[in-house]
Amino acid sequence: MTKRLLGRLMYGKRYNRVPWGQRVYVRPGERLIREAQWKRLIRSAPVMALADYERSRPLGEIEEFLSCMMCGESRQQPLFEPTGGNGWRYHVVRCPSCGFLYRNPNVRPERLGDLYATGYNSFLTGKYAANRQRRYDLTMKAFSPVFDEGKERRLLDFGSGVGLFLELAEQRGFESFGVDLSPESVAQANERLSKARTFHGAPEDVPEIAAGGFDVITLWSVLAHLPRPLDDFAKFRSLLAPGGVLLILTVNARSLLLKAYGSEWSGFTKNHLMFYSSETVPTLLRRTGFAGVAFAPHYGDTIEAGTTALPEDLRRRLRRNVELSDGGNMMRVLAFADEEAIGRWGGGPLTVHRFDT
Ligand SMILES: [Zn+2]
């Protein structure tokens, strides 16, 4: 029996018109089924000592084996083996202590450039660009009023690509800077932008950026690409001014779509290295000197922009299931540098979780 027929029998024809990425959130009872499947998977998948795990997996030339970067646990629970076009394939493990999901073996930091061969930015135009900018706007709105007014505030976009976000940031009045690993992207960005400036390289290599004093740092779809997140976040923390905030958009390791589709999940892209959730990103932030964190659930861009074709009752069900499962496909995070930042931006609809120091 095909999956499609099974789905129709279980849930009824109505849901076949619902886009693939929304079905698991709206079909009656599916959230509970997927969560139960996930629990069973975690209970039944074997946990291995690192040495045994290393013997069981091939190690590519640009790769290295890791222990959990969040908590130091060395044991490995192998869960997924995503594959894709041009034959790429990697292994995803879960930390049996803190639940962190990461690629293991991972990519050695000094070989990261090998993942971003030329042509990486060639698709960042047209409709793609418009959709990206809509996503940035919706995320800023979700954290309003933090991004409403940029006047006399310094902003750093880490991994700024061709400058699609910096364009919005300078329109809002931010004094905006960007850095990126790709020289072609930096050149394109500087053509697009009027006052904002982007640079090739690391923040510490650029005097204007190394000087710090940023009120806002943004990481748009960058976190999952970082091979040494603790080092990077310690640096971000030191670049923030008193009262500063850091925004993260990344794939959500508690996504209901991951629980439903496993290795086929859209978050397992070729260049993603680590997969965070609301349970593991606080560890990264606490260990690197941040004072607190807030989350804004991600319901999907068409839902939030009001362009979805879903009928009203299914929209309501989708929102409820995203909230109940903490299972939106993306995770949106606002990290607070210090108490001053929590005092300034922590009010309104945002629930701030403070870290014990
Ligand atoms: Zn761990």
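The model shown is predicted, which means the values in this text are computed figures rather than measured ones. (Residues numbered from 1 in each chain as written. Predicted model: local features only at pLDDT ≥ 70, side-chain atom pairs only at ≥ 80, totals over all residues. Heavy atoms only, no water.)

Student: Sorry if this is basic, but what is going on with the sheet that holds strand β4 (residues 101-103) here?
Tutor: The sheet built from four strands is open, its strands ordered β2-β3-β4-β11 with antiparallel pairing. On the outer flanks of this sheet lie β2 (77-80) and β11 (274-275), each paired with one strand and no other. Taken together, the three bridges between strand β3 (residues 92-94) and β4 define a ladder with antiparallel strand orientation. Paired with R94 across the bridge in β4 is L101. Running at roughly 140° to β2, helix α3 (residues 30-44) makes contact with β2 and β3 of the sheet. (Pairing = 2+ DSSP bridges. Helix = DSSP H or I, 4+ residues; strand = E, 2+ residues; numbered from the N terminus. Contact = heavy atoms within 4.5 Å. Axes fitted to C-alpha atoms, helices over the stretch in contact; angles between N-to-C directions.)

Student: Please explain the coordination of the zinc ion as it appears in this structure.
Tutor: Tetrahedral coordination by four donors places them ideally at 109.5 degrees to one another around the metal; octahedral coordination by six donors ideally gives 90 or 180 degrees. The protein atoms that coordinate the zinc ion are C68 (SG), C71 (SG), C95 (SG) and C98 (SG), at distances spanning 2.3 Å. Taken together, the four donor atoms surrounding the zinc ion define angles of 103 to 116° at the centre, an arrangement classified as tetrahedral. In terms of primary sequence, the donors binding the zinc ion are separated according to C-x2-C-x23-C-x2-C. A residue is classified by how much of its surface remains accessible, and C71, at 39% relative accessible area, is partly exposed. (Donors = N, O, S within 2.8 Å, 3.2 Å for Na, K, Ca; no water. Tetrahedral: all angles 85-135°; square planar, octahedral: opposite > 155°, others 65-115°. Buried < 20%, exposed > 50% of the residue type's maximum accessible area, 1.4 Å probe, protein only.)

Student: Looking at this structure, how should I read the layout of surface pockets?
Tutor: One way to see where empty space is left: roll a probe the size of a water molecule over the atoms. Quantified by volume, the second largest pocket comes out at close to 420 Å³. Together, 16 residues line the second largest pocket, and K3, G7, R27, R34 and Y261 are the ones closest to its centre. For the lining of the second largest pocket, the secondary-structure elements that each account for two or more residues are α1 (3-11), α2 (20-26), α3 and α10 (256-261). The element contributing the most residues to the lining of the second largest pocket is α1, with six residues. Partitioned by chemical class, the residues of the lining of the second largest pocket number seven nonpolar, three polar and six charged. (1 Å grid on protein atoms, 1.4 Å probe; cavity = no way out; pocket = protein on both sides within 12 Å on 5 of 7 lines; lining within 4 Å. Points joined across faces, edges and corners; volume = space filled by probe spheres on them. Nonpolar A, V, L, I, M, F, W, Y, C, P; charged D, E, K, R; others polar.)

Student: Just checking my understanding: could you explain the domain arrangement of the protein for this structure?
Tutor: Interfaces are often sized by the amount of accessible area the parts lose when they come together. Each domain of the protein was delimited in the assignment, giving domain 1 (3-40), domain 2 (44-115) and domain 3 (126-354). If you average the C-alpha positions of domain 2 and of domain 3, the two centres end up 25 Å apart. Each partner contributes to the interface: domain 2 provides 22 residues, whereas domain 3 provides 23 residues. For the pair domain 2 and domain 3, the summed buried area comes to about 2,000 Å², and 67% of that belongs to carbon and sulfur atoms. Between the two partners, domain 2 and domain 3, sit one salt bridge. Summed over the shared surface of domain 2 and domain 3, the number is ten residue pairs in polar contact (both at pLDDT 80 or more). When contributions to the side of domain 2 that touches domain 3 are tallied by element, the ones reaching two or more residues are β4 and β5 (106-107). Sorting elements by how many residues they give to the side of domain 2 that touches domain 3 places β4 first, with three residues. Looking at the side of domain 2 that touches domain 3 residue by residue, the class counts come to 17 nonpolar, two polar and three charged. (Domains from an automatic or database assignment. Buried area = accessible area lost by both parts, 1.4 Å probe. Salt bridge = Lys/Arg side-chain N within 4 Å of Asp/Glu carboxyl O. Polar contact = N/O pair within 3.5 Å; in protein donor to acceptor, adjacent residues only side chain to side chain.)

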